[in-house]
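# Structure at a glance
So you can see what is in the structure, the chains are spelled out below.
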Amino acid sequence: MDKHEYLNLVNSRCEYNKYNHIYTTDIGPDFSVVEAELRPESLNPLGMAHGGFVYSLCDVAAGVAVGQRAKSFVTLSGNLYFMRPGKGKRLRCEGRIIKSGRTVNVVDTCVYDDNGTLTAKGTFEIYILESN
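Bear in mind the structure is a predicted one, so any value in this text is a computation, not a measurement.

Another point: the pattern of salt bridges. Tallied over the full model, the rule gives 8 salt bridges. The residue Glu15 makes a salt bridge to Lys18 at a minimum N-O spacing of 2.8 Å. Taken together, the residues span about one helical turn, with Glu15 and Lys18 both in helix α2 (residues 15-19) at a distance of 3 residues. Classification of Lys18 as partly exposed rests on a relative accessible area of 29%. Measuring nitrogen to oxygen at the nearest pair gives 3.0 Å for the salt bridge that ties Glu94 to Arg92. For Arg92, a relative accessible area of 26% translates into the label partly exposed. Within this structure, Glu37, Arg39 and Glu41 form a network of salt bridges that share partners.

Structure follows, in structure tokens:
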């Protein structure tokens, strides 16, 4: 499967992502880029990206990075640091595998706003249920 076909597959198979307007825009060996438009329903009462929304971006980015090497997988844990308010029109999350194991992969995630400012950083452990 080529890159374009994989992006189409990833962006069409999860209703949660579609509902929240979260889309994978790039992939490569051991990394992924996930983006989402900030909409009224993704904001907290202070007008910035809701923490759960930001966590979802990171979780999706981690899963997409690992999903290139596994058929099925789940998140074991995720740790997220909010550094600045997520504001603007769009957030971009980059996920990069930093440890690839037989059953557990560790993925670093970074969330950026429209200006390229780092707004959140996380680390996720993804458990592989079935390898490719």
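In this section: the layout of surface pockets. Here the idea is plain: a probe the size of a water molecule rolls over the atoms and shows the empty space left. In this structure, the largest pocket occupies an estimated 280 Å³ of space. Lining the largest pocket are 15 residues; nearest its centre among them are Asn17, Asp59, Val60, Gly63 and Phe73. Secondary-structure elements contributing two or more residues to the lining of the largest pocket are α2, α3 (51-67) and β3 (70-82). Of the residues forming the lining of the largest pocket, the biggest block, 6 residues, is contributed by α3. Residues belonging to the lining of the largest pocket are distributed by class as follows: 9 nonpolar, 4 polar and 2 charged.

Let us look at unusual backbone geometry. Negative phi characterises most residues that are not glycine, and trans characterises most peptide bonds. Even without being a glycine, His21 presents a positive backbone phi close to 60 degrees. For His21, the location among the structural elements is in the loop between α2 and β1 (22-28). Although it is not a glycine, Asp30 adopts a positive phi angle of roughly 70 degrees. Residue placement: Asp30 occurs in the loop between β1 and β2 (31-37). In this structure Asp30 comes out as partly exposed when scored by relative accessible area, which is 31%.

By size, the foremost hydrophobic cluster in this structure holds 30 residues, and its most contacted members are Ile22, Phe53, Val54, Leu57, Val66, Leu91 and Val111. Elements that contribute at least two residues to this core include exactly α1 (3-12), β1, β2, α3, β3, β4 (90-100), β5 (104-112) and β6 (118-131). If you tally residues by element for this core, the top one is α3, at 10 residues. Residues within four places of Leu57 in sequence aside, it is in contact with Ile22, Val34, Glu35, Ala36, Leu91 and Cys93.

Right, let's talk about α3 for a bit. Two residues of an α-helix separated by three or four positions point the same way, owing to the 3.6 residues in each turn. Its 17 residues give α3 an end-to-end C-alpha distance of 24 Å, which sits within 8% of 24 Å, the value for a rise of 1.5 Å per residue. The element α3 is largely enclosed, with a buried count of 13 among its 17 residues.

What counts and what doesn't
Residues numbered from 1 in each chain as written. Predicted model: local features only at pLDDT ≥ 70, side-chain atom pairs only at ≥ 80, totals over all residues. Heavy atoms only, no water. Salt bridge = Lys/Arg side-chain N within 4 Å of Asp/Glu carboxyl O. Helix = DSSP H or I, 4+ residues; strand = E, 2+ residues; numbered from the N terminus. Buried < 20%, exposed > 50% of the residue type's maximum accessible area, 1.4 Å probe, protein only. 1 Å grid on protein atoms, 1.4 Å probe; cavity = no way out; pocket = protein on both sides within 12 Å on 5 of 7 lines; lining within 4 Å. Points joined across faces, edges and corners; volume = space filled by probe spheres on them. Nonpolar A, V, L, I, M, F, W, Y, C, P; charged D, E, K, R; others polar. Core = buried A, V, L, I, M, F, W, Y, C linked by side-chain atoms within 4.5 Å. Contact = heavy atoms within 4.5 Å. Expected span 1.5 Å × (residues − 1).

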